[in-house]
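Now for the letters of each chain:
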Amino acid sequence: MSQSSLPDASAQVAGHSSAHPSSAAELAGLKVRLRAALRQFPDFPSPGILFEDILPIFADPTLHEALIRSLELHVLASYNGQKPDVVVGLEARGFLIGPSLALRLGASFVPVRKQGKLPGPCETQGYDKEYGQDFFQMQSDAVKSGQKVIVVDDIIATGGSAYAAGELIKKMGGDLLGFIFILELEFLKGREKLSAPVYTLLTGQA
Ligand SMILES: O=P(O)(O)OC[C@H]1O[C@H](OP(=O)(O)OP(=O)(O)O)[C@H](O)[C@@H]1O
Ligand SMILES: Nc1ncnc2[nH]cnc12
């Protein structure tokens, strides 16, 4: 399932500052600014990987604010009007996006962490990613059966991380509304692994 077109959420932002992407033109401008902020580092963290560094986005408060606002608008305009109860962010860079988006949506924030970092009973799921293998965990009571959930992260590459997060949410009975990323490395076809709508602001070819 995929959802690559961008919503025109202008109807929902009456009264908001024009600093936010409330129209297709503003969203296009935001994308240009986001892309310009990205930096590429060859052979990191291992030879042959072109690492896309999203951290400069968060070093610029205006860009950071516009990013989170645009994601909020996306959620409000999507999922047939269903609002998420829970925003799940993936360690570590999903933690840069998830809590502020959750606050704006009036939703809970829940982390997915690498194995061994969370206390108490946990659900565990192994996965492959662009540069290795890992295990993700969520606390077993973090999502209640029937809660509506969105997953956020900075980048989708092979989709292994996001797939594992989706499996954990499903194990707990969560209703997965969709996945949200800043950047999609399209050539790795990660979205094909995912069974809920995928929204990305930028596509790249690291
Ligand atoms: O689609 P995939 O192939 O799974 O790759 C994407 C994942 O890889 C990166 O995280 P990483 O595992 O490097 O962890 P970090 O954020 O803790 O550095 C990125 O932030 C995504 O979570
Ligand atoms: N090329 C890449 N750059 C940054 N983060 C990534 N996660 C997986 N692949 C990545």
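Shown above is the structure to which this text applies.
Residues numbered from 1 in each chain as written. Chains lettered and ligands numbered in written order. Predicted model: local features only at pLDDT ≥ 70, side-chain atom pairs only at ≥ 80, totals over all residues. Heavy atoms only, no water.

Trainee: So what exactly am I meant to see when it comes to the packing of aromatic side chains here?
Mentor: Aromatic ring pairs are defined here through the distance separating the ring centres and the angle between the ring planes. Tallied over the full model, the rule gives four aromatic pairs. With 5.0 Å between their ring centres and 85° between their planes, F44 and F51 make a pair best called edge-to-face. Given the relative accessible area of 13%, F51 is considered buried. Between the aromatic rings of Y127 and F136, the centroid separation amounts to 4.4 Å while the plane-to-plane angle is 35°, which identifies the pairing as tilted. (Phe/Tyr/Trp six-rings, centres within 6.5 Å; stacked < 30°, edge-to-face > 60°. Buried < 20%, exposed > 50% of the residue type's maximum accessible area, 1.4 Å probe, protein only.)

Trainee: I would appreciate a short explanation of the environment of L118 in the present structure.
Mentor: Positionally, L118 belongs in the loop between β4 (108-114) and β5 (122-129). C-alpha separation for the pair L118 and Q137, spaced 19 residues apart in sequence, amounts to 7.5 Å. Once residues lying within four places of it in the same chain are set aside, the contact partners of L118 are P111, R113, Q137, M138 and Q139. (Helix = DSSP H or I, 4+ residues; strand = E, 2+ residues; numbered from the N terminus. Contact = heavy atoms within 4.5 Å.)

Trainee: Can you help me understand the site of ligand 1 in this one?
Mentor: Close to ligand 1 lie 16 residues; Y131, D153, D154, T158 and S161 are nearest. Here A92 contributes a backbone N or O atom positioned 3.0 Å from an oxygen atom of ligand 1. Isolated, ligand 1 exposes 500 Å² of accessible area, and the fraction of that covered by the protein chains is 87%. Judged by the fraction of its atoms near the pocket grid, ligand 1 is located in the largest pocket. Mapped onto the shell around ligand 1, the elements with two or more residues apiece are β7 (148-156) and α5 (160-171). Broken down by element, the residue count for the shell around ligand 1 peaks at four residues, all from β7. Taken together, the residues that form the shell around ligand 1 break down as five nonpolar, four polar and seven charged. (Near = heavy atom within 4 Å. Polar contact = N/O pair within 3.5 Å; in protein donor to acceptor, adjacent residues only side chain to side chain. Areas by Shrake-Rupley, 256 points an atom, 1.4 Å probe, with all protein chains shown as cover. 1 Å grid on protein atoms, 1.4 Å probe; cavity = no way out; pocket = protein on both sides within 12 Å on 5 of 7 lines; lining within 4 Å. Sits in = over half its atoms within 2 Å of the grid points. Nonpolar A, V, L, I, M, F, W, Y, C, P; charged D, E, K, R; others polar.)

Trainee: Any chance you could explain the site of ligand 2 here in plain terms?
Mentor: Taken together, I49, L50, F51, E52, R93, E130, Y131, I155, A157 and L185 make up all the residues around ligand 2. Between ligand 2 and the protein, one listed contact pairs a nitrogen atom with a backbone N or O atom of L50 at 3.0 Å. E52 is positioned with one of its backbone polar atoms (N or O) 2.9 Å from a nitrogen atom of ligand 2. Relative to its free-state accessible area of 260 Å², ligand 2 is covered by the protein chains to the extent of 92%. Counting atoms within 2 Å of the grid points, the majority share of ligand 2 lands in the largest pocket. Here the shell around ligand 2 gets three residues from one element, more than from any other, and that element is strand β2 (residues 50-53).

Trainee: What's the story with the packing of helix α3 (residues 61-76) against helix α4 (residues 98-105) in this structure? I'm lost.
Mentor: As a packed pair, α3 and α4 sit with axes 10 Å apart at the nearest point and diverge in direction by 50°. Considering the angle they form, α3 stands oblique to α4. Every pair of crossing elements has a handedness; the one defined by α3 and α4 is right-handed. Contacts from E65, I68, R69, L71, E72, V75 and L76 of α3 reach α4 at S100, L101, R104 and L105. (Axes fitted to C-alpha atoms, helices over the stretch in contact; angles between N-to-C directions. Parallel < 35°, antiparallel > 145°, perpendicular 65-115°, else oblique. Left-handed = near helix turned anticlockwise from the far one by under 90°.)

Trainee: In this structure, what is going on with the pairing of β5? I would like to understand it.
Mentor: On any regular strand, side chains alternate: one points to one face of the sheet, the next to the other face. Where β5 and strand β6 (residues 132-139) come together, eight bridges link them in antiparallel fashion. From the neighbouring strand, Y127 faces β6, where its bridge partner is D134. Where β5 folds back on β6, the antiparallel hairpin that results is connected by two residues. (Pairing = 2+ DSSP bridges.)

Trainee: Which parts of the structure should I look at to understand α3?
Mentor: An α-helical turn contains 3.6 residues, so any two residues separated by three or four positions project in the same direction. With 16 residues, α3 extends 22 Å between its outermost C-alpha atoms, agreeing within 8% with the 22 Å of an ideal straight helix rising 1.5 Å per residue. All of the buried residues along α3 are L63, A66, L67, I68, R69, S70, L71, E72, L73, H74 and V75. Where α3 is buried, its residues meet α1 (24-37), α2 (55-59), α4, β7, β8 (175-185) and β9 (198-204). The N-cap residue of α3 is D60: its side-chain oxygen and the backbone nitrogen of T62 are 3.0 Å apart. (Expected span 1.5 Å × (residues − 1).)

Keep in mind that these numbers describe shape and distance, not what the molecule does.
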